[in-house]
Structures are given as structure tokens and as C-alpha cells.
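Architecture and fold: a report
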Amino acid sequence: MTTEIDIIRPDDWHLHLRDGAMLKAVAPVSAALYGRAIVMPNLVPPVRTLEDLRAYRSRVQAALPGDTRFRPLMTLYLTETTDPAAITEGAASGELTAVKLYPAGATTNSDAGVKDFSRVHEVLEAMQKAGVPLLVHGEVTDPAIDIFDREAVFIERVLAPLRKDFPALRIVMEHITTEEGASFVGEGDENLAATITPQHLIINRTDIFKGGIRPHLYCLPIAKRENHRQALRKAATSGSPKFFLGTDSAPHLVSLKECACGCAGIFNAPVAIPYVAQVFDEEGALDKLEGFVSRNGPAFYRLPVNEDRIRLRREAPDPAIFRSVDAGEDGSVVVFRPDRPLEWSVVSD
Ligand code: DOR
Ligand code: ZN
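About the criteria used
Residues numbered from 1 in each chain as written. Chains lettered and ligands numbered in written order. Predicted model: local features only at pLDDT ≥ 70, side-chain atom pairs only at ≥ 80, totals over all residues. Heavy atoms only, no water. Helix = DSSP H or I, 4+ residues; strand = E, 2+ residues; numbered from the N terminus. Rg over C-alpha atoms; globule rule 2.2 N^0.38 Å. Buried < 20%, exposed > 50% of the residue type's maximum accessible area, 1.4 Å probe, protein only. Contact = heavy atoms within 4.5 Å. Areas by Shrake-Rupley, 256 points an atom, 1.4 Å probe, with all protein chains shown as cover. Lys, Arg positive; Asp, Glu negative; His and termini not counted. Charge placed at Lys NZ, Arg CZ, Asp CG, Glu CD. Patch = residues over 30% accessible without salt bridge, like charges linked within 9 Å, V, L, I, M, F, W, Y side chains within 5 Å. Salt bridge = Lys/Arg side-chain N within 4 Å of Asp/Glu carboxyl O. UniProt positions renumbered as here; feature names shortened; annotations may be inferred. 1 Å grid on protein atoms, 1.4 Å probe; cavity = no way out; pocket = protein on both sides within 12 Å on 5 of 7 lines; lining within 4 Å. Expected span 1.5 Å × (residues − 1). Bend = angle between axes of the 7 residues up to and from the residue. Arc of directions from axis to C-beta. Polar contact = N/O pair within 3.5 Å; in protein donor to acceptor, adjacent residues only side chain to side chain. Disulfide = S-S within 2.5 Å.

To continue, consider the overall build of the protein chain. From N to C terminus, the protein chain includes 11 helices and 13 strands. A globule of 349 residues ought to have a C-alpha radius of gyration of about 20 Å, and the protein chain, at 19 Å, matches this closely. Out of the 349 residues in the protein chain, the part that is buried amounts to 56%. Taking all contacts inside the protein chain whose residues are at least 6 apart in sequence as the whole, residues at least 24 apart take part in 75%. Surface exposure of the protein chain reaches about 14,300 Å², of which carbon and sulfur atoms provide 50%. Of the side chains in the protein chain, 39 bear a positive and 48 a negative charge, and the two mean positions are spaced by 1 Å.

Right, here's the structure in full:
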């Protein structure tokens, strides 16, 4: 029985680092383990221009330990006024790794997102030409659509037509949560991939209401029924290069999670890799773990894999790993802790 494995250092292909005191609190946590991360642009106000991107990258860099090897990969927030020239310029200089599409109103800080897709055609054309991936929050915002159906309907109404109109546009369907998402991506060509989060591999919608309402298990897209969780575990452990880790670690102050209208977002940065290792172990697929967390992402983004390695061991971690992270005078952030013991650790020796 395998009890220890060495893998290439992982990357996080979907991460929220925020700004200000929160950025200072959470950036070192991800930097301690990952080689790189795709940094989400949904700040208030969002990262809309190359000037915003450069300024945010400097703030991120300033929040990292001086000797870090971690590299933030920066993204722009797509709006109906995004300048196609910024895509071309950012791609050529290497400053821009991807562009994020939030349908307006779909999730946290998405109000400036896209309402009318015909208004972003020129930008998508520029991205297609420059090979810049479009990262999609795949949920419709139509209030008539049940929250548990929003991903499947998005595929039908938005993503499938978008793929037809822009067949060479490289698209990552972010944080897929459904069987429909897994099969749409699995059956697509090499221009389509998906990230999967640790929480969607571990919890289903019933877990959110186990013994009471659990705000720290609430994120968007919301966890679905058990059959969907099983489909995601199958996709992640399949060995297909189209699926890779994007933690969607999304910190919110405890006061904004534990209240009458709690924010969506799960902060999993300290525990994501050990929990994902545990999932692969449970599925008898530890040999596929390195592909999912360290190889498939760079292959899609056309980047080299990280040069160094990390070691994982089947042993309970120091419980301090679950300690809330202090985010300054406004409060702290609770770490993802599903109702399952964690049996894997990242070890340094
Ligand atoms: O749960 C979520 N939180 N989903 C998102 O798409 C955004 C994120 C956030 O920024 O808090
Ligand atoms: Zn996200």
C-alpha cells in the first residue's frame, strides 16, 4: 500500500488572493506550496485594464515572502468595454495569462461582468488570435433557473454557442460541479478544459445542510447531488489531460460568512492538496494525482511544469493546519473543514 508519494510541485489554476490585509494574510499560504497560481480579477473595482493588472501584480508581489519561488499569473476581468488592443498587448508582453468571464450577477463581485455577449465578440476574436484562454464562470444568471441547474443551462445557452462561434478560442470551464460539465468538457476538443475544486470532489449538497446550515461549505457554483460529485471524481482521476486543479480558494471574513446573507466562497488554500491526495487515494488513483495537480494545467496553458517536487504522506496533519487565518483587524478566515478526517499531509523531509 502506497503511503508516501513524491510529485512535481503543483500549481493552482484558480485562486482568489483579494487585496489589502486579506491579500497579505492569504498570499503567503498559497506561496508556501504552489509553484504558480492563476489570480482571479474580481476585486472591487475589478482588474479591467493592463494598468490595473500591473498595479495588482505589484501588490501581490509585495504580499509574498521575499525569497518566494511562487509566481502569480495575472488575469483581466472581461467587461463589455474591454479593449481588444489590451489583449494583444498583454499577451505579447507575457503579462496577461488569461481573461475571466463572469456573467453579470453570477457570483461575488461579478456585477461588472458580461450581460450581452454580442458586445464582447471583438475581444474574443483578439483572444482567439493571440491564444489567450477564456476562463468561464459557467452559470446562467436568469432568476427563473433553479440554482442547482444553472451550470447545465449555461452549457446549453452560452457555452455551446460560444464554442461554435469561436472554435479556436481556448476555454477553461472553471470549477465544474456537474455530470453535464464533466461530459461536455470530456467530449470537447483540445481547446476546451476544466478546473475542479477540492470541495466539489468531497462534499455534495446534502453536506451543506448536515445538522444545520454550514456557511463555510457554501460556494458558487454550489455543490450538487451525489451523482455529480461522483462524476467529478471520475473525471479528475481519469488521467484525462482536460481536467486539472483550480482550488477556487476564496477567503471571506468570518463575519461575512456567518451572518444573515453569507458570502459564497470556501477558503481551502492550506488543505487543498492533502484533501485532493486523499480523494485520489480513495479512488485508487494516486498514480494520476501528479497529472491532475502538476502536469495537465501547465500543458493546457503551454507552460513548463515546475522544476522541484513535493512529498505527500498518508498521515494526519498537524491540526494547526485548520487554524483560522488572521486577516488583520477586521477578523479572520475559516479554513475548509468538511466532516471527514484528513489523512494526508504535505511533508518537507
Ligand atoms: O464561491 C465563490 N466565491 N465563487 C465564485 O465564483 C467567486 C468566489 C469569490 O470571489 O468569493
Ligand atoms: Zn473563483
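The discussion continues.
Attention shifts here to a negative patch on the surface. On the surface, Asp-146, Asp-149, Glu-179 and Glu-180 cluster together into a negatively charged patch. One can find Glu-179 in helix α6 (residues 179-187). Assessed through its relative accessible area of 36%, Glu-179 is described here as partly exposed.

With numbering matched to this structure, UniProt assigns "binding site: Zn(2+) 2" (unreviewed entry) to Lys-100, His-137 and His-175. These residues run over 76 residues, yet every pair of their C-alpha atoms falls within 12.7 Å of each other. Those annotated residues lining the largest cavity are, specifically, Lys-100, His-137 and His-175. Within the secondary structure layout, His-137 lies in the loop between β6 (134-136) and α5 (150-165). The class of His-137 is buried, set by a relative accessible area of 1%. Other than its neighbours up to four places away in sequence, His-137 contacts Lys-100, Leu-101, Tyr-102, Pro-103, Ala-106, Thr-107, Phe-154, His-175, Leu-220 and Pro-221. Assignment of secondary structure puts His-175 in the loop between β7 (171-173) and α6.

Since the α-helix turns once every 3.6 residues, residues separated by three or four places project in the same direction. With 13 residues, helix α11 (residues 289-301) should reach 18 Å at 1.5 Å per residue; the first-to-last C-alpha distance of 18 Å fits that figure. Helix geometry: α11 is bent most strongly at Arg-295, by close to 45°, with proline Pro-298 lying one to four residues after it. Among the 13 residues of α11, 11 are classified as buried, and the element is accordingly described as predominantly covered. Looking at the residues trailing α11, positive phi occurs at Arg-302, about 60°.

This brings us to helix α3 (residues 84-93). Among all positions in α3, only Ala-86, Ile-87 and Gly-90 are buried. Along the axis of α3, the buried residues cluster in a sector spanning 100°; they form a single face. Looking at the buried residues of α3, the elements they touch are α2 (50-63), β4 (71-77), β5 (98-101) and α4 (121-130). Looking at where α3 begins, the residue whose side-chain oxygen comes 3.0 Å from the main-chain nitrogen of Ala-85 is Asp-83. A positive phi of about 85° marks Gly-94, the residue just after α3.

All chains considered together, the criterion is met by zero disulfides. Free cysteine: Cys-261, not disulfide-bonded; nearest cysteine sulfur from Cys-259 at 6.8 Å. Cysteine Cys-263 remains unbridged, with the sulfur of Cys-259 as its closest cysteine sulfur at 6.4 Å. By relative accessible area, which is 25% here, Cys-263 ends up partly exposed.

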